[in-house]
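Inside the fold
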Amino acid sequence: MPDLVARRDRAARALGLDLPTEAEALTTLHRVATEAGRNFVLVLTPEGTPYERLIGD
């Protein structure tokens, strides 16, 4: 979609949203990916070994 950015910006304005910068979006994504579920261990393997986290600290 060649006009994707224009559509995104128009939708954000219509909804009264301030879009984050790329750096802000990546920082938030990293924080959520590394902090969410920190106190939980996912074990769904037949051997009973826990899965390793995809994204480290």
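Going by the structure above, here's the rest.
To start, this report covers the structure provided alongside it. (Residues numbered from 1 in each chain as written. Predicted model: local features only at pLDDT ≥ 70, side-chain atom pairs only at ≥ 80, totals over all residues. Heavy atoms only, no water.)

A short note on helix α1 (residues 4–15)
We apply this condition: Numbering of helices and strands runs from the N terminus; a helix is a DSSP stretch of H or I covering at least four residues, while a strand is a stretch of E covering at least two. Expected helix span is taken as 1.5 Å per residue step, with the number of steps being one fewer than the number of residues.
Here α1 is 12 residues long and its end C-alpha atoms lie 16 Å apart, about the 16 Å a rise of 1.5 Å per residue gives. Of the residues trailing α1, Gly-16 is marked for its positive phi of about 70 degrees.

Brief notes about the layout of surface pockets
Heads up, the condition is: The method works on a 1 Å grid over the protein atoms by themselves. A cavity is a set of points holding a 1.4 Å probe that cannot get out, a pocket is an open set with protein on both sides within 12 Å along at least five of seven lines, and residues with an atom within 4 Å of a point line them. Grid points are joined across faces, edges and corners, and a volume is the space filled by probe spheres set on the points. In the scheme used here, Gly and all other residues not listed as nonpolar or charged are polar, with Ala, Val, Leu, Ile, Met, Phe, Trp, Tyr, Cys and Pro taken as nonpolar and Asp, Glu, Lys and Arg as charged.
Considering only enclosed or pocket space, the largest pocket measures out at about 190 Å³ in volume. Lining of the largest pocket is provided by Ala-36, Gly-37, Arg-38, Phe-40, Val-41, Leu-42, Tyr-51, Glu-52, Arg-53 and Leu-54. Split by residue class, the lining of the largest pocket holds six nonpolar, one polar and three charged.

Digging into the pattern of salt bridges
What counts, and what does not: By definition, a salt bridge exists where a carboxyl oxygen of Asp or Glu is found within 4 Å of a side-chain nitrogen of Lys or Arg. Only protein chains enter the accessibility calculation, which uses a 1.4 Å probe; a residue whose area is less than 20% of its type maximum is buried, one above 50% is exposed, and one in between is partly exposed.
On inspection of all chains with the given rule, the structure shows two salt bridges. Measuring nitrogen to oxygen at the nearest pair gives 3.0 Å for the salt bridge that ties Asp-3 to Arg-7. Of the charged contacts in the structure, one is a salt bridge between Arg-8 and Asp-9, with a shortest N-O distance of 2.9 Å. On the basis of relative accessible area, Arg-8 is assigned to the partly exposed category, the value being 44%. By relative accessible area, Asp-9 is classed as partly exposed at 27%.

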